[in-house]
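Each chain, written out:
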Amino acid sequence: MTIEVFSGTTTPLSAAATLIGTPTEDKGSPIQGASIFNEPASHIIELLASRSTASSAVYIYDVAEQVGFGTLTKTWSSAMESTAPVISLQTRAGAGLSLVGRLSEGSSQDCVKGAVLTAYTTPAGLAAMVESLSYLPPATSNSRLIIQVPAVTTVGPSFALSPTLASLSATFAIIPDNLVVLLSATPQESIDLAALSYKLTSSHVVHIFDHHGISRESGHKFVPTLQLKETPALGVQELIRWSGYQFFDYVGDSNAETVVVLLNGPLALMAKSIATRTSGLGVVVVRVLRPWDGDVFRQCLPDAVKEVHVFDDVPNEVCQGSLFVDVFGSLYGPNSPGPLVRAHRVTPTKTSSFLSDPAQFSTLLAEFSYQAPAVTHLDASLTKKLLFFSTPKSALSPLPQTVANSFASTVSARLLTDHDIFSKSGGVTADKIVLSPRSEDTEILPMAAAFPSGAADFICVLDTNLLKSHSLLNQAKSGAIVLVISPWSSELPYNLPAAVLSSAVEKKLRIFTLDAKAISSGFEAELGVDAVQRLIVYLAVLRLYLGKAASEPAIRKLAEGVAREMALGGQLGKISASSWAALEEVELHIPPAVAEGDAKPPSPLKEFEFNAIAVETADGQTVVNGSKVSSWHDAAKHLLFPSVFTPPTPPSEEAEDYVQDPSLRPEVPEHTYLVTCTVNRRLTPLDYDRNVFHLEFDTAGTGLKYAIGEALGVHGWNDEQDVLDFCKWYGVDPERLITIPVAANEGKMYTRTTFQVLQQQIDLFGRPPKSFYAELAAYATSPADRLALQFIGAPEGSSTFKKLGEKDTVTFAEVLQRYSSAKPGIETLCEMIGDIKPRHYSIASAQSAVGNRVDLLVVTVEWTAPNGTPHYGQCTRYLAGLKVGQKVTVSIKPSVMKLPPDNMQPIIMAGLGTGAAPFRAFLQHRALLTQQGIPVGPTYYYFGSRHRHQEYLYGEEMEAYILDGTITKAGLAFSRDGPKKVYIQHLMLEDAAVLASLLKNQAGVFYLCGPTWPVPDVYEALVGALVKNEGHTPESAGEFLMSLKEEERYVLEVY
């Protein structure tokens, strides 16, 4: 049988030479091990950001991992010593405060290593963080925040993934001035700006890059060169130019009267392509959104411009985007109105529409310039488009990467893998490959524009059943080749829906079948059935691609490299002959029963929709949308063989006598200790509205050591009765065994009862993030519940989500009870909710003074929701209910609150409420030094609360320290006791002269611990003291305090 398909004489890319070679590593690359062809840009960005030379810690928010960004960093952290420490965080109300707190700390350890923090989040996550970011301290070379933002967002009722930045429409308007916002689109640009974000040493940086498509593609050749350059000391604008980029790019007619302005991203790439082909049209792409430079923006516009069209990503048509405000403000003036500025609100639906139908976007831009629409995709005569459909984790799923690799040495071979996990149980995978000539000046377009719907030259269906459930052949162009891996040949038309056959006949498709499974069964089992099947199908793909130029010996020769990689080189001849003989073309016809009409209406075919991102880790794990779910059967294995699944004991810096017990809270990544409560004493009167209490824990025999000023992490439990009530309502047996992943050890699992997990591990009564609503919607059986949850989880539901979280303060449990038809399985629910995070409390004792003991000062957190439901802080409720003798799991967290190295250095302590805790430790230690005859410097103590008789915390101890001289001077501010409110900053002003002298002339150290609100007033009090008494101007006084912060002599621990 003769098979003729793609012709080697008419298709430049079908020559045999294009199939020689596989991708190689760039040995000169600064990132060793990164393939110049097959490593997606997003992986390189993760690698750059997670190096310990770039970041002192990486904070990975759940929303980032849910879109496939951060999983590799977590894997590297346990396998590569050069990876910075990794901390997992949830996106919820107040997201970002932990980052602000860390940068505000400036501990001595950070000063040595550099507190350059990296965070991974999504556009929606960044929107949740922006209010917290307003508290960021000024950036320095040793104290900065870099936020890497993969631009992909879940939108619509089908949870499709989109590159829209609509969730940031309001965020961009209020983003703090001290943040630089960079936007990138191409792979090379994404890597360069990721590297550049760590070179902007005087700024905090947000880097937003396209993770919807281009940064996830393999096949782009790039070299990360910026990190090799010696960075000059330049400002933001100069450093951007030094890197080879500009704030704004202008593309198009130099005399254009119509200009379109867009943020850098997929649509911007399409607009640039259109502008190069459209007379009278120009495009301005915004690469640096903040700081906005109006002068530079005006300079990049043509002199002839009359109309400026601003495209803003917005959640709905009534919202006004911030880019329009920036552009309008730059162009409009009272004396020179400038060109007409028009706003175009691009909703997530429009973004998806423009990407799926590039011609629509081209037509719109052409209308602006009164020109015919330009073509937005690559020349069809120079490109070939291959599309593979499969099911995840099938034996043939690696095939598209093998095919792309085969072409990558001689042509550009882009490969993008998308997943649809909702339309079919187990999911559907679509692999798109675009082959085009390799050229330095080849424009890069989003995959949607380079491979529009209905443009596939070749489709390979690796699972026949997908043709029955999904409309796959609508992706083929007329006359395309379709390879179906199936045991059917002539029977195929009888086993497919009428709609599929009709589409194939209408488009004049040529369909071929190959029974790879049957062929592979004829070879020895030790060869590996899966590898044999992949090679069989690979050979068929080459044959169909080469067409007339194909011969069995030529195909065999081209496949030698792949066969060697699969360890099948010795069997290649037999496998090739078998594949060649078994490939059959199907004669298309519509069976009579279908032609005459069937009484039974056919099930509608589903469309593939991209809604999931999968990440393959080096250890063979597949993480889909950031989650891995275990089965009940694993629980039995864990119960029967506990020693096999017990996490190995990690190396510990503690003495060998105190090695961590791996069975003690194995889900907790920190080194934990089991201490015993010996004292739980309330310090405030019973009739007082605040319960402030003192705790003491016995640490004897645990090996727990802590430094003065460090914090104790308490791994609290949920209330027992609340958990039992929830189990009863949810209909789950609290004694049922379930298997839970060990967060501290990737890939490990452990088994507990449902009650133990919900009480001790899962944050059931915490506040759910926005993503929880969207994820929960998939489990709702009631249409009303499902639509409500989808709405709250969508960008349009932001105000409702905010009300639920901030006003109603609903918990995970309350959301489940409110939308009661949504009941995921208990294991799935645990995965969705996540773990209880340890709460950290400043230690109120000095181990040098108290020995095997650790003290805490705690205030209970409780409030009433608008519906009258009482709410309690999870951990303070747990601590308040501790009984003497009860065991508690704790860990130690370093802190900025450290005594100065020289005992003679003066210290000034300002504590509000429970902020007195670390200062009690300071005073205990200095009192001990005095008893030992060791001289100490002046010690000033300022304390503030509402009432002296009710809330003078540790008052008797403080008075004793005043009497014996441990406290040189005390300033006690009880704001509600007198006719006029007095705060600690007022008392500091009374001591302005001595405080200024202590800081300026005696190397004194100032500490503030407590809530955030007094920070500005305390700062102004110190500035005023320096201005009045030490000859400073307000500006130089501020600079002096900032220099003290760098020296760890101006230390804040606020919350």
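Residue positions are given per chain, counted from 1 along the sequence in the order it is written. Per-residue local features of the predicted model are confined to residues with pLDDT of at least 70, and side-chain atom pairs are confined, for both listing and counting, to 80 or more; whole-chain, interface and lining totals are unaffected and use all residues. Excluded from the side-chain calculation are hydrogens and water; included are all heavy atoms of the structure.

J.: Looking at this structure, how should I read the nonpolar core?
T.: Buried residues of nine kinds, namely Ala, Val, Leu, Ile, Met, Phe, Trp, Tyr and Cys, make up a nonpolar core once their side-chain atoms join them within 4.5 Å. Accessibility here uses a 1.4 Å probe with only protein chains present; expressed as a share of the type maximum, an area under 20% marks a residue as buried, one over 50% as exposed, and anything in between as partly exposed. Ranked by size, the top nonpolar core spans 80 residues in total, and within it Ile208, Val261, Phe297 and Val327 carry the most contacts. Listed in part, the 45 residues of the second largest apolar core include Leu435, Leu514, Ile536 and Tyr538.

J.: Would you explain the environment of Glu585 in this entry?
T.: Each helix is a run of H or I in the DSSP string that is no shorter than four residues. Each strand is a run of E no shorter than two, and both are numbered from the N terminus. As for its placement among the helices and strands, Glu585 is situated in strand S21 (residues 584–585). On a C-alpha basis, the gap between Glu585 and Val484 in space is 10.0 Å, while along the polypeptide they are 101 residues apart.

J.: Sorry, what's going on with the sheet that holds strand S2 (residues 86–89) here?
T.: Two modes of strand pairing occur in sheets, parallel and antiparallel, and in both the strands are linked by backbone hydrogen bonds. Pairing between two strands requires that DSSP report at least two bridges joining them. One open sheet holds the 7 strands; their spatial order is S2-S1-S3-S4-S8-S7-S12, and the pairing between them is mixed. Of all the strands in the sheet, the pair left with one neighbour each is S2 and strand S12 (288–290). Recorded for the sheet is a direction-independent mean angle of 20 degrees between the axes of neighbouring strands. Sheet analysis places strand S7 (residues 179–184) next to strand S8 (residues 204–210), joined by 6 bridges and oriented parallel. Following the sheet pairing, Val181 is matched in S8 by Val206. The contact definition used throughout considers only heavy atoms, calling two residues in contact when any of these lie within 4.5 Å. Interaxial angles span 0 to 180 degrees and are taken between N-to-C directions of axes, which are lines fitted to C-alpha atoms, for helices over the stretch in contact. Of the strands in this sheet, strand S1 (57–61), strand S4 (143–151), S7 and S8 touch helix H6 (residues 123–133), which is tilted by about 155 degrees from S4.

J.: I would appreciate a short explanation of the pairing of strand S19 (residues 476–485) in the present structure.
T.: Looking along a regular strand, one sees the side chains alternate between the two faces of the sheet. Within S19, 7 of the 10 residues are buried, leaving the element largely enclosed by the surrounding structure. Looking at chain direction, strand S18 (residues 456–461) and S19 are connected through 5 bridges and run parallel. Of the residues in S19, the one forming a bridge with Val461 is Val484. Bridge count for S19 against strand S20 (residues 510–514) is 5 bridges, and the pairing is parallel. Across the sheet, Val482 pairs through a bridge with Ile511, a residue of S20. At this point the chain moves from S19, through helix H18 (residues 498–506), to the parallel S20, and the crossover so formed is right-handed. Whether a crossover is right-handed depends on one test, that the path from the first strand over the helix to the second runs clockwise when the strands point away from the viewer.

J.: Would you mind going over empty space enclosed by the protein with me for this structure?
T.: To find leftover empty space, one rolls a probe the size of a water molecule over the atoms. Here a cavity denotes grid points, spaced 1 Å and computed from the protein atoms alone, that fit a 1.4 Å probe unable to get out, and a pocket denotes an open set having protein on both sides within 12 Å along at least 5 of 7 lines; residues with an atom within 4 Å of a point are the lining. Grid points are joined across faces, edges and corners, and a volume is the space filled by probe spheres set on the points. Counted under the stated rule, the structure contains 5 cavities of 30 Å³ or more. In this model, the largest cavity occupies a volume close to 240 Å³. Along the wall of the largest cavity there are 22 residues; nearest its centre are Leu165, Leu263, Asn264, Gly265 and Asp313. Counting residues per element, the ones that place at least two in the lining of the largest cavity are S7, S8, strand S10 (258–263), helix H10 (266–275), strand S13 (307–313) and helix H13 (348–356). Grouping the amino acids of the lining of the largest cavity by side-chain chemistry returns 14 nonpolar, 5 polar and 3 charged. Gly falls in the polar group here, along with every residue not listed as nonpolar (Ala, Val, Leu, Ile, Met, Phe, Trp, Tyr, Cys, Pro) or charged (Asp, Glu, Lys, Arg).

J.: I'm lost on the environment of Gly913 in this one. Help?
T.: With respect to the secondary-structure elements, Gly913 resides in the loop between strand S34 (907–912) and helix H36 (917–931). Gly913 gets classed as buried once you look at its relative accessible area, which sits at 11%. Sequence spacing of Gly913 and Phe943 is 30 residues, and the spatial spacing of their C-alpha atoms is 7.5 Å. Once you skip the residues sitting within four places of it in the chain, Gly913 turns out to touch Leu857, Phe943, Gly944 and Leu953.

J.: Teacher, can you tell me more about helix H15 (residues 399–407) here?
T.: Residues spaced three or four apart along an α-helix point in a common direction, a consequence of the helix completing one turn every 3.6 residues. The buried count for H15 comes to 8 of 9 residues, which makes it a mostly enclosed element. Residues Leu399, Pro400, Thr402, Val403, Ala404, Asn405, Ser406 and Phe407 constitute the buried set of H15.

J.: In this structure, what is going on with the side chain of His344? I would like to understand it.
T.: Relative to the helices and strands, His344 resides in strand S14 (residues 340–346). In protein, a polar contact means a hydrogen-donor-capable atom and an acceptor-capable atom, both N or O and within 3.5 Å, with residues adjacent in sequence counting only if both atoms are side-chain atoms; elsewhere, any N or O pair within 3.5 Å suffices. One polar contact links His344 to His309, side chain to side chain, over a distance of 2.7 Å. In this view, His344 contacts His309, Val310, Phe311, Asp312 and Phe368; residues no more than four positions away in its chain are not counted.

J.: How should the side chain of Arg290 be read in this particular structure?
T.: The residue Arg290 is located in strand S12 in this model. The class for Arg290 is buried, based on a relative accessible area of 11%. Within the local environment of Arg290, its side chain forms a polar contact with the backbone oxygen of Phe172, the two atoms lying 2.9 Å apart. Excluding anything up to four places from it in sequence, Arg290 contacts Phe172, Ala173, Ile175, Leu179, Val180, Val181, Ser322 and Asp326.

J.: Just checking my understanding: could you explain the pattern of salt bridges for this structure?
T.: Opposite charge on two side chains permits them to pair, given that their charged atoms come into close proximity. One speaks of a salt bridge when a side-chain nitrogen belonging to Lys or Arg is within 4 Å of a carboxyl oxygen belonging to Asp or Glu. Across all of its chains, the model carries 28 salt bridges by this definition. For Glu552, the salt bridge goes to Arg556, with nearest N and O atoms at 2.7 Å. Here Arg556 and Glu552 lie together in helix H21 (residues 552–558), a separation of 4 residues that amounts to about one turn. Overall, the relative accessible area of 17% leaves Glu552 in the buried class. Accessibility expressed as a relative area gives 28% for Arg556, which makes it partly exposed. A salt bridge links Asp991 to Lys969; the shortest N-O distance between them is 2.8 Å.

J.: Any chance you could explain the sheet that holds S13 here in plain terms?
T.: Here we have 5 strands laid out as an open sheet, ordered S9-S11-S10-S13-S14, and mixed in their pairing. Where the open sheet ends on each side, the last strands, each with one partner, are strand S9 (248–252) and S14. Direction aside, neighbouring strands of the sheet carry axes that sit 20 degrees apart on average. With 5 bridges connecting them, S9 and strand S11 (residues 281–286) associate as antiparallel partners. Paired with Val251 across the strands is Val283, a residue of S11.

J.: What exactly am I supposed to notice about the packing of helix H1 (residues 41–50) against helix H3 (residues 71–79) here?
T.: Each pair of packed helices can be summarised by the angle the axes make with each other and by the distance between the axes. Their axes nearest at 9 Å, the elements H1 and H3 cross at an angle of 45 degrees. Judged on the interaxial angle alone, H3 and H1 are oblique. For the crossing formed where H1 meets H3, the hand is right-handed. Contact residues: H1 offers His43, Glu46, Leu47 and Ser50, while H3 offers Thr71, Leu72, Thr73 and Trp76. Looking at the contact of H1 with H3 residue by residue, the classes come out as 3 nonpolar, 4 polar and 1 charged. Here the angle decides the label: under 35 degrees means roughly parallel, over 145 means roughly antiparallel, 65 to 115 means roughly perpendicular, and every other value means oblique. In this scheme the crossing of two helices becomes right-handed for a clockwise turn of the near helix relative to the far one and left-handed for an anticlockwise turn of less than a right angle.

J.: Looking at this model, I keep getting lost on the pairing of S8. Mind explaining?
T.: The buried fraction of S8 is high, at 7 of 7 residues. Where burial is concerned, the two faces of S8 agree: the one with His204, Val206, Ile208 and Asp210 and the one with Val205, His207 and Phe209 are both buried. Read from S7 through helix H8 (residues 187–196) to S8, the crossover connection turns out right-handed.

J.: Looking at this structure, I do not really get the state of the cysteines. What am I missing?
T.: Joining two cysteines, a disulfide is a covalent bond between their sulfur atoms. Any two cysteine sulfur atoms within 2.5 Å of one another count as a disulfide. Enumeration over the complete set of coordinates arrives at 0 disulfides. In this structure Cys830 is not part of a disulfide, and its nearest cysteine sulfur, from Cys727, lies 9.4 Å away. The class of Cys830 is buried, set by a relative accessible area of 4%.

Geometric descriptors of this kind do not, in isolation, establish any biological role.
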